[in-house]
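As a plain string of letters, each chain reads:
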Amino acid sequence: AAGCNGAMSVTGDYPHRCPNCLDRPERGPATMTSAAQDHEQQVYPPSPEFVATANAGPELQAAADADRLGFWATQAQRLDWATEWSEVLDWSDAPVAKWFVGGQLNVAYNCVDRHVLAGNGDRVAIHFEGEPGDSRALTYNDLLAEVCKAANTFTDLGLVAGDRVAIYMPMIPEAIVAMLACARLGLTHSVVFAGFSSHALRSRIDDAQAKLVVTVDGQWRRGQAAPLKPAADEAVADAASVQHVLVVKRTGIDVDWTEGRDLWWHETVDKASAEHEAQPFDAEHPLFILYTSGTTGKPKGIIHTSGGYLTQASYTHHYVFDHKPGRDVYWCTADIGWVTGHSYIVYGPLSNGATQVVYEGTPNSPNEHRHFEIIEKYGVSIYYTAPTLIRTFMKWGRDIPDAHDLSSIRLLGSVGEPINPEAWRWFREVIGAGQAPIVDTWWQTETGAIMISPLPGITATKPGSAMAPLPGISAKIVDDNAVPLGAGGNGYLVLDQPWPSMLRGIWGDMDRYKDTYWSRYAEEGWYFAGDGARYDEDGALWVLGRVDDVMNVSGHRISTSEVESALVGHPAVAEAAVVGAADETTGQGIVAFVILREGVTNTGDQLITELRNQVSTEISPIAKPRQISIVPELPKTRSGKIMRRLLRDVAEGRELGDTSTLVDPKVFEAIRAQGK
Ligand code: ATP
Ligand code: MG
């Protein structure tokens, strides 16, 4: 493949593998080239039609290169400020940044009021689609009234700026209203995913000393009304900080009631005044605390502030999704319980006056057609989801999306994990009609907003690569000694310049903040992301997954995601998780857990042999899994990430570590039964 120029391998709209690359070189353990490197040759340039109307043009990168801080000051002008800042960045107290020093704004005003004042009050902000089939459209006028009512209620309850509020709710409009009401009053919200246990909620309430908990009687899950208030009740039982529990009636099921503490939303918020004037807050006022998903250990309470966070959320939503207010119908399928829901359901889209879909339920309620019906019903044009769901769609088969008119889709996005090239191509081909650009967005709870991603209309993308840092963002791939690596070298992803939406700390534990992110490259003052990455020959950036997930087999460093991609490349496999388990002879041995596609009949030893051979030819004989278990499910966090650290516990025969953020701890019974 030497000398292959990606651009040459493209004819017309369809990518073809470069003729040079068809002859795959013999792969030995010494080279350890990866499956991903085949895909490095495939390039999908933007279509001329897309380029013609794209929000992003080449001037964006040029402006950022010329004057990075000036560039961010320009982006901050996307927002309405009550008081202009005096300095763009104060980094003198590193690693705690101050952005837009002295500036004042109200985040909720920027997400709601100003669109109404600009004459767009009748525009739909939220097309809500309930799981049982109920639906409701909220215009920006409606949203403003609701947020004002909630803000007045919160004030009546005695809450003042700086207080913390826990939000434990399913995906219903009131959850977004509650977040915005907090933002409006300078209350710091802590959203706790509604699938978490009372125990997880309690530890987050205690950690932040929340005074108010907003919840629901119950939530709709697969056609059933599942109680939620009992978990909230259990969590707040003798929690000293909690003064009130505000309850939205979503399902109408019976609930226990504590007089004096519990309040119904419909008896308070619905009856409150819809007039409320927003006060400005400092750019560095804490907007929210959010706990990471816990794939690598105990969740951390990440702190985000106001001005810089909203600037970057708004900037990225506008350019990365090529969002056109008033024209696009945007749908981010995340839950507000994780950061994607914060930045790309609430703050980014609403700050940009978006019209978006909010869906309450699971993708297979009442059946696997649900997402595609919703896309059809609302004419969704931008669809942002996670690789885990794309692989699930693949497993269900393309007949399902093919039964729908998805022609409204013009852009697709992915976030949460590295997306395997196989899933990327399927996404583009089946959901994007072979045309929609895909933005593979790398970022973290800690980064607050997208950091590394293609820019539609500019970037020629490669399946599986997040491509490049956005204009204004600076990243490096370095080795243990902080030496930047060139093409091909696997290293650590670091962010070598502060960015506006960066975290400002870990709630209550600044030592852990410094230790986790800033101690590894203390001398250089770089942020250590904890992910491995590589640049290819064309300078495209490939995120390889967690550093903890890089395996060491007989001295060779092999990425879990590459072995997983090789396994998913086999037609029988829907999803795979790979871990390195301690091995007396090789240091670590590769253990794989795979889920098969629907309808696969070849399930026995022959399949296992095929899979091992597949990895061997795609990557190297060294990467052949020591063991492959076919399992019905994989342990995932509610944000859809595979919990490899727990699989490693299984593979090494240990007690399981912290399982508090898992969707379903029972999957381990099935996995243990298979993984002899
Ligand atoms: P914890 O930090 O508690 O272990 P977590 O890292 O899973 O949890 P998040 O902040 O939700 O919590 O996830 C960020 C991580 O997700 C990134 O560090 C990266 O490993 C992965 N990730 C997100 N987007 C992408 C992407 N587009 N490509 C590759 N990896 C991604
Ligand atoms: Mg993390």
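Residues numbered from 1 in each chain as written. Chains lettered and ligands numbered in written order. Predicted model: local features only at pLDDT ≥ 70, side-chain atom pairs only at ≥ 80, totals over all residues. Heavy atoms only, no water.

**Remarks on the confidence of the model for the chain**
- Averaged over all residues, the pLDDT of the chain equals 90, while 93% of them reach at least 70.
- At the level of chain-chain contacts, confidence expressed as ipTM amounts to 0.99, with global pTM at 0.87. (pLDDT = per-residue confidence, 0-100.)

**Focus: the site of ligand 1**
- What surrounds ligand 1 is a group of 22 residues, the closest being Thr-292, Ser-293, Gly-294, Thr-296 and Thr-445.
- Within the backbone of Thr-441, a nitrogen or oxygen atom sits 2.8 Å from a nitrogen atom of ligand 1.
- In isolation ligand 1 exposes 640 Å². Once the protein is present, 97% of that is buried.
- Tallied by class, residues from the shell around ligand 1 come to six nonpolar, nine polar and seven charged. (Near = heavy atom within 4 Å. Polar contact = N/O pair within 3.5 Å; in protein donor to acceptor, adjacent residues only side chain to side chain. Areas by Shrake-Rupley, 256 points an atom, 1.4 Å probe, with all protein chains shown as cover. Nonpolar A, V, L, I, M, F, W, Y, C, P; charged D, E, K, R; others polar.)

**Focus on the packing of aromatic side chains**
- In this structure the tally under the stated criterion is 33 aromatic pairs.
- With centroids separated by 5.8 Å and ring planes inclined at 50°, the aromatic side chains of Trp-99 and Phe-100 adopt a geometry described as tilted.
- For Trp-99, a relative accessible area of 0% gives the class buried.
- Judged by relative accessible area, which is 0%, Phe-100 ranks as buried.
- Measuring from ring centre to ring centre gives 5.6 Å for Tyr-521 and Trp-526, while their planes differ by 45°; the resulting arrangement is tilted.
- For Tyr-521, a relative accessible area of 1% gives the class buried. (Phe/Tyr/Trp six-rings, centres within 6.5 Å; stacked < 30°, edge-to-face > 60°. Buried < 20%, exposed > 50% of the residue type's maximum accessible area, 1.4 Å probe, protein only.)

**Description of the state of the cysteines**
- Enumeration over the complete set of coordinates arrives at zero disulfides.
- The closest cysteine sulfur to the non-disulfide-bonded Cys-111 is located on Cys-182, 13 Å from its own sulfur.
- The thiol of Cys-332 is not disulfide-bonded; the next cysteine sulfur, from Cys-111, is found 15 Å away.
- Accessibility expressed as a relative area gives 3% for Cys-332, which makes it buried. (Disulfide = S-S within 2.5 Å.)

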